[in-house]
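Structural features, examined
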Amino acid sequence: MPIEQLTYWFSRLTQNSPFLFAVLDKSHRYLWVSQRYCEISGLDHNELVGKQDKDILGTAFYDALSPHYNHALNGENTEGEIVLNDGIHDSSFHFSVSPLTSSEWPEGAVIFHAADTSERQVLTSALESSESRFTNLCQLVGEGCCVLDDGIILSANSHAVNLLGFDNLNEILGEDIENLLASPIKGQSLVASLTSLASGQQLVCQASNGNADSKPLNISYGSVSLLGGSGALITLSRTLATTDHKQTIEKLAQFDALTGLYNRHGFSRRLEQLINGETPLLMLYLDIDNFKNINDSLGHHIGDRVLQEIAQRLRRQLPAETILGHLGGDEFAVLLPEQTGEGVAGELTNKIVEVISQPFDLYHFSKYLACSIGSVKYPGDGKDARSLLQNADTAMYEAKEQGRNRVVTYNQHMNKEARMRLWLEIELQKALQNNGLEVWYQPKVNAQDYTINGAEALVRWKHPVEGYISPARFIPVAERSGMIELLGRNVMREVFQAVRRWQSLKVLPGRVAINLSPQQFSNPNLTTHMKKLQSATKADPSLITFELTESAVMSDGDHAIQMLNAIKDLGFALSIDDFGTGYSSLSYLAKFPLDELKIDRAFISDMETFPKQVTLIENIINLGRSLNMSVVAEGVETGKQASVLANLKCDTIQGFHFYKPMPRAEFEALLINNRKAIKAAS
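Each residue is numbered by its place in its chain's sequence as written, counting from 1. For a predicted model such as this one, the threshold for reporting local features is a pLDDT of at least 70, and the threshold for listing and counting side-chain atom pairs is 80 or more; totals across whole chains, interfaces and linings nevertheless cover every residue. Remark: hydrogens and water are excluded; side-chain values derive from all non-hydrogen atoms of the structure.

As recorded by an unreviewed UniProt entry, the chain carries the name cyclic-guanylate-specific phosphodiesterase and is attributed to Enterovibrio norvegicus FF-454. UniProt positions are given in the numbering used here, feature names are shortened, and annotations may be inferred rather than shown by experiment. We quote the UniProt Cofactor (unreviewed entry) comment for the chain here in full: "Mg(2+)". We quote the UniProt Catalytic activity (unreviewed entry) comment for the chain here in full: "3',3'-c-di-GMP + H2O = 5'-phosphoguanylyl(3'->5')guanosine + H(+)".

Listed below in structure tokens is the structure:
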């Protein structure tokens, strides 16, 4: 089969595969790579061919694989584990390298195949953490606990070891429970006797070991899930009555081991009890804003510490009758019986916001957090625990949609909006996976002669059924669902490639602006990705501006200064978008290495209605000029607005009066015609 057909079918077969595939020559350079390489590197297939692992995935990655490539060149098949930690990705892979003997490929070619095992590693860590918590919990319980698999003891606490008459845990691990406890029912095995018990019943039997106390033991039995199948949990005691055992098991099932609060199951049961008693109540559902950043940057062990601290603060500060739940992740619930008044709700939410907003001490620095809260009442907002929790969760997400760090009271219209957001999230994920988003460009013009002097890159989404969906609808969904960074990287890659092309055509008259989301800006690996993308595309950084909002750069001052300086060191320009609508303090303009101010469109649209707006705009322009910054006015829609801005000595104008956003091809044609017109005029 010709090489073109081979690469065609390789590409088709691996197009949507999560695995890494590559064919390499004897110098370890890519002859062909799968789509997964393109996603990881941010480069096209043609840009990757001819490169090595060290160019794309880092020197450490290449150095670890190089010996395996050499073994494959000698005709050997090898496999192993490798970690990719290039500052952007943190993944582990199980790989294999084999010689490629097909005559269609160049002599000495090898094929590399790797499967991402990161999720397995995370799962393993989660299982280890869960097992550790379970073991600690068993040690705290004042009775013996044993986990059995087909009657064999897999684990046990110290109480069980003592009650069975042994001194060391290793003496009973792997032992059959039938050999350690005598069945009280003649002719029937102990396990059969235990499994026949009704709910809440106990079996009274004697330990077989001669060193055990002669007093009989009360044995309770329950089924548990183990990896690969089902198992059993038995408890052993001498003094507890049946009802006490039942209460102990119920407590284990209803409380969260990390925080000591009700878990989702226990909180739902407590809520249902109050509803059955027709007790009026107020419930708040809260989610810690941007908590994922703590887990991602500092680790889950620090995140767990924060969750424990939140639980302790809520216990200390809220009324004694308050019922608290940790529903999972960074979500908590607060339940106040006998209360439905607006005043009580306001007072309670204010206390919670105050509790969460106090700084958390995390390894030599303080972290400030906020929360989004959804509020519901019974009766009125739900007939049962499930609907109340669902409606409170819906209201909480509405609080996030409105800008986070606030409380929103549920109303019935929210359910329809929540379903729409879920649909948007699912469809947006499909679009990102299938390269379904487009980058359009809105030209900017010189305020004096209206010639094009740059552009802003804007993302657009054409849904196959609904048509174009407004960014005002899908950008908040991308931010909330965690897809905004991937979306931002796709836009960045497209713009870098476009700028490189327009460089070569010599048609770009100024810089192209790219918007950075707060999530992108808070990622410490952002500049590493920029540097790699710029190196791969050869785009001139002086032709690219990154735009940020005031809230993004002011959320963490120290991080912002370091990140902005790092971006500037790479040669890019920096702009503050929507200037005048965010922070009232202007001191950051002197501290941060900014090149440009963008006057928010709200000032421009009100210019003709409120004449004092012109004074504000003039002051912003003068402020920017005094700080050696260029000033852009966006949202210009009339000739009168443009004339006023020109008279005020604004540098650049952007708006529908001159150009609307347009697809890349249309913008490129505009640039080429603009270049021809300039040449003809000269």
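From this point, things continue past the structure.
**Some thoughts on the overall build of the chain**
Elements are defined by DSSP. Helices are runs of H or I of four residues or more, strands are runs of E of two residues or more, and each kind is numbered from the N terminus. Looking only at helices and strands, the chain features 26 helices and 28 strands. The rule is simple: take the accessible area with a 1.4 Å probe, protein chains only, and divide by the maximum for that residue type; under 20% is buried, over 50% is exposed, in between is partly exposed. Looking at the chain residue by residue over its 682 residues, the buried ones come to 45%. Values of accessible area rely on a 1.4 Å probe in the Shrake-Rupley scheme; residue burial ignores everything except the protein chains shown. Of the roughly 33800 Å² of accessible surface on the chain, 50% is carried by carbon and sulfur atoms.

**Notes on the sheet that holds strand β12 (residues 281-288)**
Pairing within the open sheet is mixed, and its five strands lie in the order β13-β14-β12-β17-β18. Taken across any chain shown, the strands that pair with only one partner, and hence form the sheet edges, are β13 (323-328) and β18 (407-409). Each strand of the sheet is rotated relative to its neighbour by a mean of 20 degrees, with strand direction disregarded. At least two bridges found by DSSP between two strands is the condition for calling them paired. Here β13 pairs with strand β14 (residues 331-337) via five bridges, running antiparallel. Of the residues in β14, the one forming a bridge with H326 is F332. An axis is simply a line fitted to the C-alpha atoms; with a helix, the fit covers only the stretch in contact. Between two such axes, the angle follows the N-to-C directions and lies from 0 to 180 degrees.

**Let's talk about the nonpolar core**
The nonpolar core is taken to be a set of buried Ala, Val, Leu, Ile, Met, Phe, Trp, Tyr and Cys residues, with the residues joined through side-chain atoms within 4.5 Å. Counting 100 residues, the largest nonpolar core has F112, Y441, F546 and I567 as its most contacted members. With nine residues, the top contributor of residues to this core is helix α17 (residues 484-505). Where each domain begins and ends follows an automated or database-derived domain assignment. Counting contributing residues, this core receives three or more from each of domain 1 (3-121) and domain 4 (434-580 + 598-676). We call two residues in contact whenever any of their non-hydrogen atoms come within 4.5 Å of each other. Those residues in contact with F546, other than ones at most four positions away along the chain, are M492, F496, I514, L516, M530, I567, F572, A573, L574 and S575. With 29 residues, the next largest nonpolar core counts L284, L314, F332 and F360 among its residues.

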